[in-house]
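Analysis of the macromolecular model
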Amino acid sequence: MHKEDSKKLKTTFKFMCVLGVVICLVIGLGILRFHAARLAYYLESVNQSIQKYSDEEVILRQELSALVAPIRIYSYCKETLGMQKVLKAETLPIRSRIGTLTASRMKKNNASEVKGWRAGLAWLFGDRF
């Protein structure tokens, strides 16, 4: 009898160990499945955010191209700001000093070769150097 009880006990112990391993595997697989579903949900939310920002970028690019167009700027100024087209443009005569500025710069460049480092600061102090 003792051998039968011992054999039954070993069989029961082996069955309980196998059952414990199977339960641990099922729980582990369930945890992995839950984690995979959670990551898939997070990935889907990230993809939706990317799509939303991509659509927003397209809309903003369209608005920018519409705002940069010259006819759009003109119509915005006329309608929103109340600006009117100028019928007669006035001009003011301005004396040009380009020739004198060029000549004085040429003179200063020649002087800088002769006078050294102080000539580079002549614009600060005037023509005293």
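These numbers were taken from a predicted model, which means no experiment stands behind them. (Residues numbered from 1 in each chain as written. Predicted model: local features only at pLDDT ≥ 70, side-chain atom pairs only at ≥ 80, totals over all residues. Heavy atoms only, no water.)

**A closer look at the overall build of the protein**
Helices and strands together make up the secondary structure of the protein, namely 4 helices and 0 strands. N-terminal to C-terminal, the α/β element order of the protein is α-α-α-α. The buried share of the protein, taken over its 129 residues, is 2%. Looking at the protein as shown, the accessible area adds up to about 13000 Å², and 66% of this sits on carbon and sulfur atoms. (Helix = DSSP H or I, 4+ residues; strand = E, 2+ residues; numbered from the N terminus. Buried < 20%, exposed > 50% of the residue type's maximum accessible area, 1.4 Å probe, protein only. Areas by Shrake-Rupley, 256 points an atom, 1.4 Å probe, with all protein chains shown as cover.)

**Some words on the pattern of salt bridges**
The full count for this structure, using the stated rule, is 1 salt bridge. For Glu57, the salt bridge is made with Arg61, and the minimal N-O distance between the two is 3.0 Å. In this pair, Glu57 and Arg61 both sit in helix 1 (residues 2–68), 4 residues apart, roughly one turn of the helix. (Salt bridge = Lys/Arg side-chain N within 4 Å of Asp/Glu carboxyl O.)

**Looking at a nonpolar patch on the surface**
Taken together, the side chains of Phe15, Met16, Leu19, Ile23, Ile27 and Ile31 present a nonpolar region at the surface, about 610 Å² in accessible area. As for its position among the elements, Ile31 is in helix 1. The exposure class of Ile31 is exposed, given its relative accessible area of 55%. (Patch = residues over 30% accessible without salt bridge, like charges linked within 9 Å, V, L, I, M, F, W, Y side chains within 5 Å.)

**Considerations on the packing of helix 1 against helix 2 (residues 70–79)**
At a closest axis distance of 5 Å, the pairing of helix 1 and helix 2 adopts a crossing angle of 75 degrees. The orientation of helix 1 relative to helix 2 falls into the category roughly perpendicular. Between helix 1, through Ala66, Leu67 and Val68, and helix 2, the contact on the second element is made entirely by Pro70, Arg72 and Ile73. Classifying every residue of the contact of helix 1 with helix 2 gives 5 nonpolar, no polar and 1 charged. (Axes fitted to C-alpha atoms, helices over the stretch in contact; angles between N-to-C directions. Parallel < 35°, antiparallel > 145°, perpendicular 65-115°, else oblique. Contact = heavy atoms within 4.5 Å. Nonpolar A, V, L, I, M, F, W, Y, C, P; charged D, E, K, R; others polar.)

**Examining the environment of Tyr74**
Locating Tyr74 in the fold gives a position in helix 2. Through-space distance from the C-alpha of Tyr74 to that of Lys85 is 9.4 Å; in sequence the pair is 11 residues apart.

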